[in-house]
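Coordinate inspection notes
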Amino acid sequence: RTCTGAWEEHGDSCLVDHPMECFTQLKSSDAICECGEAGVAPASPPPPPSPCDEQSWPDLDHGTVCGPCKVLVDNFETTYGTCGGYCASINRTCTGAWEEHGDSCL
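Read on for a plain summary of the structure. Because the structure is predicted, anything quoted here is derived from the model rather than measured. (Residues numbered from 1 in each chain as written. Predicted model: local features only at pLDDT ≥ 70, side-chain atom pairs only at ≥ 80, totals over all residues. Heavy atoms only, no water.)

This next bit is on the sheet that holds strand S1 (residues 2–9). Within the open sheet, the three strands sit side by side as S2-S1-S3. Their pairing is antiparallel. The open sheet has two edge strands with one neighbour each: strand S2 (16–20) and strand S3 (32–36). Averaged over all pairs of adjacent strands, the angle between strand axes in this sheet comes to 25°, irrespective of strand direction. Looking at chain direction, S1 and S3 are connected through five bridges and run antiparallel. Across the sheet, the residue bridging to Gly-5 is Glu-34, located in S3. (Pairing = 2+ DSSP bridges. Helix = DSSP H or I, 4+ residues; strand = E, 2+ residues; numbered from the N terminus. Axes fitted to C-alpha atoms, helices over the stretch in contact; angles between N-to-C directions.)

So this is what it looks like as structure tokens:
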């Protein structure tokens, strides 16, 4: 994959503080990176808004949306147990699950 976008984020969230070049070195614990297929130019215009209305989903950890239909879930172990359990609670199917680092999308 190749970098198609890079941003410094604000407050351990997916909120963009400022854009960066793909190979900008940054003294920060985290950043937002977008990766595309190797050798393929980024699509333009940007993709349409997410069809999922993630902000309406329950238990968003600090309101963090990591991408289309992908969120950081709070109360995970005590309420949902699995990503499948979380997705089922909002009548969706789990299509991916990741361990996060430091309340971020990383």
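On inspection of all chains with the given rule, the structure shows two aromatic pairs. Aromatic pair Tyr-80 and Tyr-86: ring centres 4.8 Å apart, planes at 85°, arrangement edge-to-face. Judged by its relative accessible area of 3%, Tyr-86 is buried. Sitting over the face of the ring of Trp-98, Lys-70 holds its NZ or CZ atom 4.7 Å from the ring centroid. (Phe/Tyr/Trp six-rings, centres within 6.5 Å; stacked < 30°, edge-to-face > 60°. Buried < 20%, exposed > 50% of the residue type's maximum accessible area, 1.4 Å probe, protein only. Lys NZ or Arg CZ within 6 Å of the ring centre and 35° of its normal.)

The subject of this paragraph is the pairing of S1. Here S1 runs beside S2; their pairing, made up of four bridges, is antiparallel. Its bridge partner lying in S2, Ala-6 is registered against Met-20. Linking two consecutive strands that pair antiparallel, namely S1 and S2, is a turn of six residues; a positive phi of about 60° is found at Gly-11 within it.

Attention shifts here to the environment of Cys-66. Topologically, Cys-66 is positioned in strand S4 (residues 60–67). Take Cys-66: its relative accessible area is 24%, and that puts it in the partly exposed class. Between the C-alpha atom of Cys-66 and that of Cys-105, which follows or precedes it by 39 residues, the distance is 5.6 Å. Other than its neighbours up to four places away in sequence, Cys-66 contacts Cys-14, Val-71, Leu-72 and Cys-105. (Contact = heavy atoms within 4.5 Å.)

Let's shift gears to the state of the cysteines. Chemically, a disulfide is nothing more than a covalent bond linking the sulfur atoms of two cysteines. By the definition in use, this model includes two disulfides. Paired through a disulfide, Cys-52 and Cys-69 show a sulfur-sulfur distance of 1.7 Å. Around the S-S axis, the bridge from Cys-52 to Cys-69 shows a dihedral of about 70° and counts as right-handed. Taken together, the positions of Cys-52 in the loop between S3 and S4 and Cys-69 in the loop between S4 and strand S5 (70–73) put the pair 17 residues apart, joining distant regions of the chain. Given the relative accessible area of 7%, Cys-52 is considered buried. Residue Cys-69 is classed as partly exposed on the basis of its relative accessible area of 32%. Paired through a disulfide, Cys-66 and Cys-105 show a sulfur-sulfur distance of 1.9 Å. Where Cys-66 bonds to Cys-105 through sulfur, the torsion about that S-S bond is close to -80°, and the disulfide is left-handed. (Disulfide = S-S within 2.5 Å.)

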